[in-house]
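What the coordinates show
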Amino acid sequence: MLELRNISKSYENKKVLADINVTIEAGEIVSLLGPSGCGKTTLLNIILGLTQQTKGQLFYNGQDISKQSMQDRGFNIVFQDFALFPHLNAYDNIVYGLKNKKTQMSATEVQEYIDFLELTPHLQKKVHELSGGQKQRVSIARTLVMQPNILLMDEPLSALDGVIKESIKERIKSIARQFHLTTIIVTHDPEEALTLSDKVMIINEGTIAQFGTPSDIVQKPNNPFIEDFILKQLHIKRHNIYQLFGEIYA
Amino acid sequence: MLKTTKVMKLLFFPIIAFLLCFLIVPLLYMFWQSFKMGDTVTLQNYVEVLRNIEIREAFMHSFAVSLVSALITTIFAFLLAYAVHFTRMHRSIKKIMQVGITLPMLLPTITYGFVLIYTFGNQGIVTRLLGQPLFTIYGFNGLVIGYILYTLPVAFILMQNSMQYIDKRFVLVSMLMHDSPPRRFYHTVFRPMIGTIGGAFILSFILSFTDFGIPASVGGSYKVIATELYRAMLGSIVHFERGAVISVLMLLPAVLGVVILTILERFNFQYKQVSDSELIPARGRDWFFTLLSLISVVGIFIIFSTMFLVPFTKGYPYDFGLTLEHVQSVLAEKNLTQVYINSLIVAFATALLGVVVTFIAALLNVRTPVKGRKAFDMASMITNTVPGMVLGLSYLFFFNGSSLKGTFFIIIACNVVHFFTTPYLMAKNSLLKMDPTWEVTAALLQDSWLQTVIRIILPNIRATIYQIFSYYFLNAMVTVSGVIFLVSTKTMLVSTRIKELQHFAKYTEIFVLSIFILATNLIVKLGCDYITTHKKGEMKK
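Here is what the cut-offs are and how they apply
- Throughout this description, residue numbers start from 1 for each chain and increase along the sequence as written.
- Ligands are numbered from 1 and chains lettered from A, in the order in which they are written.
- The predicted origin of the model limits local features to residues at a pLDDT of at least 70 and limits the giving and counting of side-chain atom pairs to 80 or more, whereas totals for whole chains, interfaces and linings rest on all residues.
- Side-chain descriptors were evaluated using all non-hydrogen atoms of the structure, hydrogens and water having been removed beforehand.
- UniProt positions are given in the numbering used here, feature names are shortened, and annotations may be inferred rather than shown by experiment.
- Helix and strand labels come from DSSP, where a helix needs a run of H or I of at least four residues and a strand needs a run of E of at least two; each type is numbered from the N terminus.
- Atoms considered for the radius of gyration are the C-alpha atoms alone. The globule rule reads 2.2 Å times the number of residues to the power 0.38.
- For each residue, the accessible area found with a 1.4 Å probe, counting protein chains only, is set against the maximum for its type, and the residue is called buried under 20%, exposed over 50%, and partly exposed in between.
- Contact definition: two residues touch when any of their heavy atoms are within 4.5 Å.
- Only the protein chains shown count as cover for residues, and the accessible areas themselves come from Shrake-Rupley with a 1.4 Å probe.
- The quantity reported as buried area is the accessible area (1.4 Å probe) lost by two parts once they are put together, taken as the sum for both.
- Here, a salt bridge means any Lys or Arg side-chain nitrogen found within 4 Å of an Asp or Glu carboxyl oxygen.
- Here a polar contact is recorded for every N or O atom pair within 3.5 Å, except that within protein the pair must consist of a potential hydrogen donor and a potential acceptor, and residues adjacent in sequence are included only if both atoms are side-chain atoms.

For chain B, the name recorded in an unreviewed UniProt entry is ABC transmembrane type-1 domain-containing protein, with Lysinibacillus piscis as its organism. Looking at chain B in UniProt, the text filed under Sequence similarities (unreviewed entry) is "Belongs to the binding-protein-dependent transport system permease family."

An unreviewed UniProt entry annotates chain A as ABC transporter domain-containing protein of Lysinibacillus piscis.

Here it is as structure tokens:
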């Protein structure tokens, strides 16, 4: 369980985040959704331990981790463009962090992760020979073998195209379930957030506009920002799809 | 796809003819000469040179001293580039260091030697401050310091450019993976830089190996190959064949270097994108690199300060009274002002011709289907290998009987060819970055190819053109090795005049002339930089 209490962040005179209070349960997938510049990436970096909050505290399973270093927190992140080492092949990227761990992971355990992500045929490939979806899976595998307490993902779908997107979405859901892994995802796409996560935190101008389940947000939007910017987009999409397929699919 | 037009061919032939006449043929001719003894073709010249103990010794010296200075330069350049890109050193210190390190580039290498003598020699500033010389400056020590000063800017710029394209976020990934500092350093900086590190080392080595200015001034009795070549050609007894052989031997390490560079190329890889990631604060690291940067810059400033101290004091090192006497007497000497004007003429003409040649060559290579356009890539590879002294000497052989001998044109041509590689690649890069569909778009709007070049390509490459102009101008102003064999009494340049003044121990004049060069180069460089950034700013609007 991760709890944020009164998290605020300002750079010089600019306030980026103000009094964020939220509790994320273990094993949940939570999306941080909002327009660019709303502070969602800053919040992700604060949770990761890369950026120091100006005010407020973080608790992980009841323990105050506000001052803990990034390494000591034991969270990990998958980057938008995957950040795979270009001079190593897929396999060496996956096991990169294992060499630094004190408790060794057995080869069969590593293979389990590789099988789970269906990467066996691609292990010897150079990074630039992998497709977008394969890179994404290698990047996830590299992070998972480190057995992070919380998995953070920065725009995990934006570098992928159409069909792959849907399959990676399913993959992320099954990872969270299989490993009972708390997963926090940053995205600017309402459809992605609402179809991928157990809960969605909508951030606007540095504050939480609404935090709830996808159906809460769709049925009971609690302020005009959510209606105007989040739901409106979805309505337009729905309208377009109806037009294509006809009302029977409603 | 574009079709080859007459205009393209009309542009192609003069450029290729120029490169043939002033690069390929003279080199081949010199190569031929090295096998000739009277009228017979023989290997005897080589045998004699290799038997000559002095030349063998000079070779070993050149090798040793270049190796040592290239090693030190590479390490320094790496650390300084690291300071710029991988530390949170204060921004103003980064800027000062970047500028300070590269300032010596605006001076001829022959000046480096004289400022070193005036800093560390018997009457030098440092010597006087310490009471006794730190070490003997003549010979090995002086050469090493001189070569470092000379090659550090180039190596630093190379490393800096390359580090700029390393994705800094991998430092973060490495930390999340709990890497130890050495492993982090290896995977996030060292491994991505291996190709460049090797490249910088080889470049520094070749530059040192073939430089003439530094050994001419501070070499003392420590013989190196460049001074041996000079002695063979312009010494009291002239040995033409020996000169040709030494030139060919001088080419060898350069050719070898280029071969190694192409192999090193394979170690390079590109990051798909470079994201700016905040670097983790580390006090100790930042302090260390701040200190290192400051020491380097201050060191360079102290060494070159003598250049200003000597001419403006009444009688260095005995009378430190401020005076303009020396400067005035140099200005009064018609001979010296004429030499300065000669240099200006050569530098401007080199820059103009250089811009024309490199731009057209790159344009034809990148954006047209002209047959034989790959020849320009070959030419740029060759000019990258051939040391200035060797090129100049090949002209001396080839154009000896012709009317070109002793003209400004031969010097200008030598400069344009000698410094061809970098500007050509600069032009190529900018042209490659431009949208490949422009020509087609313009053709659909009824432009001819030439109109497209004038209306679309040229306005968009203007910034690079100014940079090329400035590169050629600066190098033409400071080069000694390229033109030492080509100047006549009528076409004497500042940099070669300095070599002459050395004979008469007129150091004050040497420094005044150096200041002239420095000031001129600063004006041209700042001017070009200003126009470049100005134009870029305009484009963004």
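Now that the structure has been shown, we can carry on.
1. Section: the overall build of chain B
Within chain B one finds 23 helices and four strands. Its C-alpha atoms give chain B a radius of gyration of 24 Å, within 12% of the compact-globule value 24 Å for 541 residues. Expressed along its principal axes, the backbone C-alpha trace of chain B runs to roughly 70 × 65 × 50 Å. Within the span of chain B, comprising 541 residues, buried residues form 54% of the whole. In chain B, the share of contacts with a sequence separation of at least 24, taken over all contacts with a separation of at least 6, comes to 80%. Summing over all exposed atoms, chain B offers an accessible surface of approximately 24,900 Å²; the carbon and sulfur share of this is 66%.

2. What to know about the overall build of chain A
Within chain A, the regular secondary structure consists of nine helices and 10 strands. Expected size for 250 residues packed as a compact globule is a radius of gyration near 18 Å; at 19 Å, chain A falls within 12% of this value. Going through the 250 residues of chain A one by one, you find that 52% of them count as buried. For chain A, the exposed surface amounts to about 11,900 Å²; the carbon and sulfur share of it is 50%.

3. Regarding the interface of chain A and chain B
Taken residue by residue, the interface counts 23 residues in chain A and 22 residues in chain B. With both sides pooled, the region where chain A packs onto chain B buries about 2,200 Å², and carbon together with sulfur makes up 65% of that total. Ranking the residues of chain A by area buried against chain B places Q71, H87 and Y96 of chain A at the top, with a combined share of 27%. Inspection of the region where chain A meets chain B yields one salt bridge. Measuring nitrogen to oxygen at the nearest pair gives 2.9 Å for the salt bridge that ties D81 of chain A to R169 of chain B. Taken together, chain A and chain B are joined by seven residue pairs in polar contact (both at pLDDT 80 or more). Those elements that provide at least two residues to the side of chain A that touches chain B are α2 (70-73), β6 (76-78) and α5 (132-144) of chain A.

4. With respect to the pairing of strand β3 (residues 29-33) of chain A
Burial runs high along β3 of chain A: five of the five residues are buried. Burial of the side chains of β3 of chain A extends over both faces: I29, S31 and L33 of chain A are buried on one face and V30 and L32 of chain A on the other.

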